[in-house]
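# Observations on chain architecture
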Amino acid sequence: MALVTSTEMFKKAYEGGYAVGAFNVNNMEIIQGIVDAAKIEKAPIILQVSAGARKYASPIYLRKLVEAAVEDTGLDIVLHLDHGDSFEICKDCIDGGFTSVMIDGSKLPLEENIALTKKVVDYAHAKGVVVEAELGKLAGVEDAVKVNTKDATYTDPQEAVRFVKETGVDSLAIAIGTSHGAYKFKGEPSLDFDRLETITNLLPNFPLVLHGSSSVPREFVDFCNQYGGKVPGAQGVPEEMLKRASKLGVCKINIDTDLRLAMTGSVRKVLSEHPEEFDPRKYLGPAREAIKNMVQHKIKDVLGCSDKR
Ligand code: G3H
Ligand code: 13P
Ligand code: ZN
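Read on for an overview of the structure. (Residues numbered from 1 in each chain as written. Chains lettered and ligands numbered in written order. Predicted model: local features only at pLDDT ≥ 70, side-chain atom pairs only at ≥ 80, totals over all residues. Heavy atoms only, no water.)

### Examining empty space enclosed by the protein
- Counted under the stated rule, the structure contains one cavity of 30 Å³ or more.
- If you add up the space inside the largest cavity, you get close to 40 Å³.
- Per element, the largest residue contribution to the lining of the largest cavity is three residues, and it comes from strand β6 (residues 130-135).
- Tallied by class, residues from the lining of the largest cavity come to four nonpolar, four polar and two charged. (1 Å grid on protein atoms, 1.4 Å probe; cavity = no way out; pocket = protein on both sides within 12 Å on 5 of 7 lines; lining within 4 Å. Points joined across faces, edges and corners; volume = space filled by probe spheres on them. Helix = DSSP H or I, 4+ residues; strand = E, 2+ residues; numbered from the N terminus. Nonpolar A, V, L, I, M, F, W, Y, C, P; charged D, E, K, R; others polar.)

### Side note on the coordination of the zinc ion (ligand 3)
- Every protein donor of the zinc ion (ligand 3) is listed here as His-83 (NE2), His-180 (NE2) and His-211 (ND1), and their distances to the metal cover 2.1 Å.
- Positions of the donor residues of the zinc ion (ligand 3) along the chain correspond to the pattern H-x96-H-x30-H. Of the two residues, His-83 is situated in strand β4 (residues 76-84) and His-211 in the loop between β8 (208-210) and α11 (218-226); the sequence distance between them amounts to 128 residues. (Donors = N, O, S within 2.8 Å, 3.2 Å for Na, K, Ca; no water.)

### So, the environment of Pro-204
- Relative to the assigned elements, Pro-204 resides in the loop between α10 (193-202) and β8.
- Sequence-wise, Pro-204 and Tyr-14 are 190 residues apart; in three dimensions their C-alpha atoms are separated by 9.7 Å.

### Observations regarding the pairing of strand β3 (residues 45-50)
- The element β3 is extensively covered by neighbouring structure, given that five of its six residues are classed as buried.
- Relative to β3, strand β2 (residues 20-24) runs parallel, the two sharing three bridges. From the neighbouring strand, Ala-22 faces β3, where its bridge partner is Ile-46.
- Where the polypeptide runs from β2 across helix α2 (residues 28-41) and back to β3, its parallel neighbour, the crossover connection is right-handed.
- As judged from the six bridges shared by β3 and β4, these two strands associate in the parallel manner. Bridge pairing in β4 links Leu-47 to Leu-79. (Buried < 20%, exposed > 50% of the residue type's maximum accessible area, 1.4 Å probe, protein only. Pairing = 2+ DSSP bridges. Right-handed = clockwise from strand over helix to strand, strands pointing away.)

### Structural notes on the site of ligand 2
- Ligand 2 sits among 15 residues. The nearest are Asp-82, Lys-184, Ser-214, Asp-256 and Thr-257.
- Separating an oxygen atom of ligand 2 from a side-chain N or O atom of Asp-82 is a distance of 2.7 Å.
- His-211 is positioned with one of its side-chain polar atoms (N or O) 3.1 Å from an oxygen atom of ligand 2.
- A total of 310 Å² of accessible area belongs to ligand 2 in isolation, and the protein chains cover 96% of it.
- The set of elements that each furnish at least two residues to the shell around ligand 2 consists of β4 and β9 (250-255).
- Taken together, the residues that form the shell around ligand 2 break down as one nonpolar, 11 polar and three charged. (Near = heavy atom within 4 Å. Polar contact = N/O pair within 3.5 Å; in protein donor to acceptor, adjacent residues only side chain to side chain. Areas by Shrake-Rupley, 256 points an atom, 1.4 Å probe, with all protein chains shown as cover.)

As structure tokens, this is what we get:
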């Protein structure tokens, strides 16, 4: 049991044709729900902390809570920085005990993204920490309907090869049609599997990452709204597509929005059925259980990583 890097996890995932779930964490109940699920399913697990989560909780709290989860569960856990946007935040996390960082230079011109990523890789590798980078832009719904958007924003396979070679990065997040949040597609969901296969063929045995991979099940949204929520209709990535991607070199699948919906739906239910309640444990306890159930479902039925620990 320890905080570990993702190197071995990704090697096994690649060979086994499954993906490891990377779930965003913001507080104790979310961490406990996720690791409970991983423990029951005997699954590898990545807990990721965004810059916003670090700011919300203050950096030391989430790290200490994840360390507590390692000690409490006996699991090997990857502690990962999600969407680091500068060398400084990556350095801070590396120095502070993270085992994996993402440097997200995807908004920069290619040369600048390469230079920034390489700087982070050099620093991280010297300290035994692994690095994820991103190439291509995760289009929002509005971008996705524009003609020629794919070539302008999706990951270019040849650039991906050059990027990996020149940076020495350990994994790469690619853009093939997913996007962050609850509203990912206007109309039919579609991912560019041809592009994914081309990248996988050009970069054999190299772990790819899919961001924006919540499925936003209709039932989650309806459940929230049944108890007073006003979450508008949403459209996520169908689970079948995630299963397919995990057999094509995608070793890490990022999920946050589905956690948010599961947690919020549960809190709404308790407070609407028991309006007299004001003990936070009475609504955060069930919320933790809702997170556990959702993560268990992802591990078992979508990612295929049960019993892969
Ligand atoms: O990709 C972003 C994650 O969903 C984290 O979101 O920056 O609001 O914590 P956040
Ligand atoms: P979702 O918004 O689809 O959950 O994506 C989360 C993510 O990519 C975190 O980096
Ligand atoms: Zn992301």
